[in-house]
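For reference, the chains in residue letters:
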Amino acid sequence: MKNFQYILILLLTLNITNIFSQNKSLPDLPKASTNLVLMAPINSWDEAIPLGNGLLGGLLWGDKNTIRLSLDRGDLWDERTHGEKEWWKKRTYAKGAELLAAKLYDSLNGWWDDPYNGLTPTKLPAGRIEIKLPSTETVNRFDLNLATAEGTAYFNSNACIKTFFSATEKVAVISIQNSIPDSINLLSTLDVYNKNHKVKAEISSGGTILKLGYPIATKGFSNNAKWYIQEAADGLKYCVYVQIKKTQTETLIALTITSTNDNNDFVALASKRCLTALNQGYTKVLADHTAWWKKFWQQSSVAVPDTAIQKQYNLVQYFYGSASRIDAPPMPLQGVWTADNGSLPPWKGDYHNDLNTQMTYMAYQESGRFNEGASYINYLWDRKKIFEEFAKDFYGTKGLACPGVMSFAGQPLGGWGQYSMSPTMSAWSAHLFYLHWLYTADESFLKEKAYPWCAEVGECMLGLLKPDKNGRLVLPMSASPEIYDDSPQAWLAPNSNYDIMCLKMLFLSLQEMAIANHKNTEAIKWKKAADGLGDFHAKLDGTLLMDANSEIPYSHRHLSNLMGLYPFNLITIAGGEKENTTIQSSLKKWDSLGTKAWCGYSFSWMSCLRARVGDAEESLRNLEIFVKAFILRNGFHANGDQTKSGYSNMTYRPFTLEGNFLASQAVQEMLLQSWSSTPGKLNTGVIRIFPAVSNKWKDASFKDLRAEGGYKVSAVRKNYQTETFSIQAVKTGLVHIQDNFKSKPNWNMKGVHKSGNVFEVLLAKGQTLSATF
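From a predicted model like this one, the values you see are computed outputs, not experimental measurements. (Residues numbered from 1 in each chain as written. Predicted model: local features only at pLDDT ≥ 70, side-chain atom pairs only at ≥ 80, totals over all residues. Heavy atoms only, no water.)

**Student:** Teacher, can you tell me more about the packing of aromatic side chains here?
**Tutor:** Each aromatic ring pair is summarised here by two numbers: the centre-to-centre distance and the angle between the ring planes. Under the defined criterion, the tally for this structure stands at 50 aromatic pairs. Judged by centre distance (5.1 Å) and plane angle (75°), the ring pair of Trp292 and Trp293 falls under edge-to-face. By relative accessible area, which is 23% here, Trp292 ends up partly exposed. A relative accessible area of 0% places Trp293 in the buried class. The ring centre of Tyr154 lies 4.2 Å from the NZ or CZ of Arg141, which sits over that ring. A cation sits over an aromatic face here: Arg383 above Phe408, 4.8 Å from the ring centre. (Phe/Tyr/Trp six-rings, centres within 6.5 Å; stacked < 30°, edge-to-face > 60°. Buried < 20%, exposed > 50% of the residue type's maximum accessible area, 1.4 Å probe, protein only. Lys NZ or Arg CZ within 6 Å of the ring centre and 35° of its normal.)

Now the structure itself:
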């Protein structure tokens, strides 16, 4: 009997050790079964295979014997102001408030909307390369290997065209195998326009390339190279350059885009880049490229049983690697995949800061893609002086503010003034600095970037806020994106709940960052500002209003009066009876209004929100709808209901990325959360493992997702319950873990205590806590 007990204990010990070792293994690369596979033909650029390296982007598509690679570069912009230059210096916020007080609504709308109604400023496409194989060849399939970021076009014979945008060099490489191309042609953006115009192709809302007034591109060639130079505006010129090398087994093409943003001799630079890649060969450049991507994927991984959702999750994380790099421009509305149909991109391909950019950069923190997320953080930091000038010239304050809608250079584009010129969009952008600090636990970043940038936003907001007759701090004007569009009704009574939530989150995060920076006097100032805003506007039953006077009146795409639930976490399920009543009443109101006016991103945003409040079934339902109805066949978010199933009255298809990233974040919200129920206080986040996993998902797992405090968390769920988890600390500190488990954990160390329904343990830097059940 003793021997049997000894063997049983030994087996259990070995099993626990085995589970721990599995959790410590590196995150998984995407499985081949989740690769993007599209049957030919692909006749539209927005259904193409997306490729890129942050700076350069490409879309692989085509039909019959012709393959197209649409081209983009993140910093190609026409920055010409529509109308008067620096119009915002005359059409100031204070003067706008005077027009509003006088009820001169049309004058006010025109003041700030007219600048947006021209063609420029706008993101620019870069043209395309077209490869034509012999007429006997017909493409039948396109693949994207997510693990290696390589796209392939397969033909009816054994011919194929492989391509990737190097992760380590500013070049794309194409290999044509088992067939000799009839032609390899470069098409400038005007060439594309002329070609599409002949076949009456659809032109997007951005207007046509032709109307920009650019001269015809200058084309050149040598024995094995082709290029064109496009003169744009304000001295910008760019070169699309292709160099070709033929061997007995393949036709090898190197491609790059250079510009005057690189240096004056940008053509020579393009030639050098392409020649270097050709001399290295496809295999060598690919090896360095795949090594980078292997490291990228090994930051974290998740596994869920829903195939469609797993594919979308992996694809969207791939978007971070292919469209956002620490040393490259951040993603605007379409990333590095600007429209290739002879037109300019929808909404100018700009940086929309009333949800689009913030939500695009909401899914990198938990997945640990910090270098990719830093692209936008660095962009905002690098334009600090520009934003300080904007705060002074437009708002008349100290500090800084970034425009609600802006160009790559950071200039305001205008638009519906309620949102494009709203100061609180800057507060929402500041939230990204705060989250980056929370998830990296990088104290240098806190001191050198996060707190200084956010504090300047705080100073700008304090310069605008004044006490009303009840002593509450209010702005001169207020709105809630994008309710009532740009009608007079869109001007709400200051402050709207949206503005209160943005401002309160800003001031509370500043309080917390000031405490971490040992700036106690400043922490008191920020707390006083947060308190001075007062409480949120709500009905007696707790339902959140739009402002002090009005409820949300109809189905609406932007969850603006629910910002306190998600992403700001100011109203939580851990906040007691009052906050829970507010959550339930407010969501009941939204449910009653239906989804007829929702966009795709509304569903993925609601999925995140429902997960955050613990509603696993509704979270999954909304995510399932998004994946089913609001993405094109290549995974791009298309805004409208593509199935016309009645989920929304919007059935159009402009492609923007924020809906995709919200979908990816929704998965992470289901699997891991770590928020604090006491914002403004330091080190109060609680790790919640599988907090919102639907009963439809019997099994799920993740490796090395990040929690607030920089912790790396891995966990396995089997048969509807947590089987094991581990938490690795990046700094010494007290870890809090919510007990939502069905049985008692078996810990790998002593010192774990329980307070209420939360486990607590002190972990040293590098130490790992593990538990089995």
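There is more to say, and it comes next.
**Student:** I'm lost on helix α11 (residues 384-395) in this one. Help?
**Tutor:** Structural remark: α-helix, 3.6 residues per turn; residues separated by three or four positions point the same way. Relative to the 16 Å expected for 12 residues at 1.5 Å per residue, α11 spans 15 Å between its end C-alpha atoms, a close match to the ideal helical length. Taken as a whole, α11 has its buried residues at Lys384, Phe387, Phe390, Ala391, Asp393, Phe394 and Tyr395. Summarising the contacts, the buried residues of α11 are in contact with α2 (93-101), α3 (105-113), α10 (370-382), β19 (405-406) and α14 (443-464). Within two residues after α11, Gly396 carries a phi angle of roughly 70°, on the positive side. (Helix = DSSP H or I, 4+ residues; strand = E, 2+ residues; numbered from the N terminus. Expected span 1.5 Å × (residues − 1). Contact = heavy atoms within 4.5 Å.)

**Student:** Which parts of the structure should I look at to understand the environment of Pro121?
**Tutor:** Within the fold, Pro121 resides in the loop between α3 and β6 (122-123). Taking relative accessible area as the criterion, Pro121 reaches 3% and is therefore assigned buried. In this structure the C-alpha to C-alpha distance between Pro121 and Asp78, which are 43 residues apart in sequence, comes to 5.3 Å. When near neighbours in sequence (up to four residues on either side) are disregarded, Pro121 contacts Trp77, Asp78, Glu79, Arg80, Thr81, His82, Lys348, Ser407, Gln411 and Leu413.

**Student:** I'm lost on α2 in this one. Help?
**Tutor:** Listed in full, the buried residues belonging to α2 are Tyr93, Gly96, Ala97, Leu99 and Leu100. Along the long axis of α2, the arc covered by the buried residues comes to 160°, so they all point the same way. Among the exposed residues of α2, those pointing more than 90 degrees away from its buried face are Glu98 and Ala101. In the core, the buried residues of α2 are packed alongside α3, α11 and α14. Following α2 by one or two positions, Lys103 has its phi on the positive side, about 60°. (Arc of directions from axis to C-beta.)

**Student:** Explain the state of the cysteines to me, please; I cannot follow it from the model alone.
**Tutor:** Every disulfide links exactly two cysteines, by a covalent bond between their sulfur atoms. Under the definition given, this model contains 0 disulfides. There is no disulfide at Cys274, and the cysteine sulfur nearest it, in Cys239, is 8.5 Å away. Exposure remark for Cys274: the relative accessible area of 0% places this residue in the buried category. (Disulfide = S-S within 2.5 Å.)

**Student:** Help me out: how do you make sense of the packing of helix α7 (residues 307-323) against helix α19 (residues 616-629) in this one?
**Tutor:** Between two packed helices, both the angle of their axes relative to each other and the distance between the axes serve to describe the pair. One way to put it is that α7 packs onto α19 with a least axis distance of 10 Å and a crossing angle of 75°. One finds that α7 runs roughly perpendicular with respect to α19. Of α19, the residues touching α7 (which contributes Ala308, Ile309 and Gln312) are Leu620, Leu623, Glu624, Phe626 and Val627. Across the contact of α7 with α19, the residue classes tally to 6 nonpolar, 1 polar and 1 charged. (Axes fitted to C-alpha atoms, helices over the stretch in contact; angles between N-to-C directions. Parallel < 35°, antiparallel > 145°, perpendicular 65-115°, else oblique. Nonpolar A, V, L, I, M, F, W, Y, C, P; charged D, E, K, R; others polar.)

**Student:** Where do I start with the environment of Gln411 in this structure?
**Tutor:** Mapped onto the elements, Gln411 comes out in the loop between β19 and α12 (417-420). For the pair Gln411 and Asn757, spaced 346 residues apart in sequence, the C-alpha separation works out to 49 Å. The residues touching Gln411, leaving out its near neighbours within four places in the chain, are Glu79, Thr81, Trp88, Pro121, Pro403, Val405 and Met406.

**Student:** Honestly, the pattern of salt bridges in this entry has me stumped. Any pointers?
**Tutor:** Charged atoms that come close allow side chains of opposite charge to pair. Applying the stated criterion across every chain, the model contains 35 salt bridges. A salt bridge links Asp340 to Arg128; its shortest N-O distance comes to 2.8 Å. Highlighted residues: Asp340 in the loop between α7 and β18 (351-352) and Arg128 in strand β7 (residues 128-132), separated in sequence by 212 residues. For Asp340, a relative accessible area of 6% corresponds to the buried category. Of the residues examined, Arg128 reaches a relative accessible area of 3% and is grouped as buried. (Salt bridge = Lys/Arg side-chain N within 4 Å of Asp/Glu carboxyl O.)

**Student:** Explain the side chain of Ser585 here, please?
**Tutor:** Its location among the elements puts Ser585 in helix α17 (residues 576-593). Beyond its immediate chain neighbours, meaning those up to four positions away, Ser585 contacts Asp541, Gly542 and Thr543.

**Student:** Got a minute to help me understand the packing of helix α13 (residues 424-440) against helix α15 (residues 497-516) in this structure?
**Tutor:** Remark: α13 packs on α15, axes separated minimally by 9 Å, with the N-to-C direction vectors making an angle of 35°. You can see that α13 and α15 cross each other, and the crossing is left-handed. Here Thr424, Met425, Ala427, Trp428, Ala430, His431, Tyr434, Trp437 and Leu438 of α13 come into contact with α15, specifically with Tyr498, Asp499, Cys502, Leu503, Met505, Leu506, Ser509, Glu512, Met513 and Ala516. Counted by class, the contact of α13 with α15 contains 14 nonpolar, 3 polar and 2 charged residues. (Left-handed = near helix turned anticlockwise from the far one by under 90°.)

**Student:** Looking at this model, I keep getting lost on the sheet that holds strand β2 (residues 49-52). Mind explaining?
**Tutor:** Strands in a sheet are paired, the pairing made by backbone hydrogen bonds, and the direction either parallel or antiparallel. With antiparallel pairing, the 5 strands of this open sheet are ordered in space as β2-β3-β4-β7-β12. For this open sheet the edge positions go to β2 and β12 (183-187), each flanked by a neighbour on one side alone. Geometrically, the sheet is characterised by an average inter-axis angle of 20° between neighbouring strands, direction not taken into account. In this structure, strand β4 (residues 66-73) lies alongside β7, joined through 5 bridges in antiparallel fashion. Along β7, the bridge assignment pairs Ser70 with Arg128. Of the strands in this sheet, β2 and β3 (56-63) are in contact with α7, which crosses β2 at around 40°. (Pairing = 2+ DSSP bridges.)

**Student:** Could you clarify how one ought to interpret the pairing of strand β9 (residues 150-155) in this entry?
**Tutor:** Working note: regular strand, side chains alternate between the two faces of the sheet. Of all the 6 residues making up β9, 5 are buried; the element is thus mostly covered by neighbouring parts of the structure. Both strand β8 (residues 139-145) and β9 contribute to a ladder of 6 bridges, which runs antiparallel. By the bridge assignment for β9, Leu144 is matched with Gly151. Hairpin connection from β8 to β9: 4 residues lie between these consecutive antiparallel strands, with Ala149 at a positive phi of about 55°. Relative to strand β10 (residues 160-165), β9 is paired through 4 bridges, and the arrangement is antiparallel.

**Student:** Looking at this structure, how should I read the nonpolar core?
**Tutor:** Generally speaking, soluble globular proteins have nonpolar side chains that are buried together. Counting 229 residues, the largest nonpolar core has Ile129, Tyr318, Phe507, Trp605, Leu671, Ile689 and Phe702 as the members making the most contacts within it. Top element by residues in this core is α15. It accounts for 13 residues. With near-sequence residues (within four places) excluded, Ile129 lies in contact with Ile67, Arg68, Leu69, Leu71, Ile174, Ile184, Asn185, Leu186, Val242, Ile253 and Leu255. Counting 17 residues, the second largest nonpolar core, distinct from the first, contains Val173, Cys239, Ala277 and Leu278. (Core = buried A, V, L, I, M, F, W, Y, C linked by side-chain atoms within 4.5 Å.)

**Student:** Whenever I open this one, unusual backbone geometry confuses me. Can you help?
**Tutor:** Negative phi characterises most residues that are not glycine, and trans characterises most peptide bonds. For the peptide bond that leads from Thr120 to Pro121, omega is -5°, which places it in the cis range. Cis peptide bonds are those with omega within 30 degrees of zero, and the linkage from Tyr566 to Pro567 qualifies with 15°. Its place among the elements puts Pro567 in the loop between α16 (520-532) and α17. The backbone of Lys103 sits at a positive phi, close to 60°, despite the residue not being glycine. With respect to the secondary-structure elements, Lys103 resides in the loop between α2 and α3. In this structure, Trp347 takes a positive phi of about 50° despite not being glycine. Position of Trp347 relative to the elements: it lies in the loop between α7 and β18.

**Student:** Just checking my understanding: could you explain the sheet that holds strand β29 (residues 753-755) for this structure?
**Tutor:** Taken in spatial order, the 3 strands line up as β27-β30-β29 in an open sheet, and their pairing is antiparallel. Looking at the sheet topology across the chains shown, the edges are occupied by β27 (733-738) and β29. Shown here is a sheet whose adjacent strand axes are inclined to one another by a mean of 35°, direction ignored. As paired strands, β27 and strand β30 (residues 758-763) are joined by 6 bridges and run antiparallel to one another. Counterpart to Gly733 in the pairing with β30 is Leu763.

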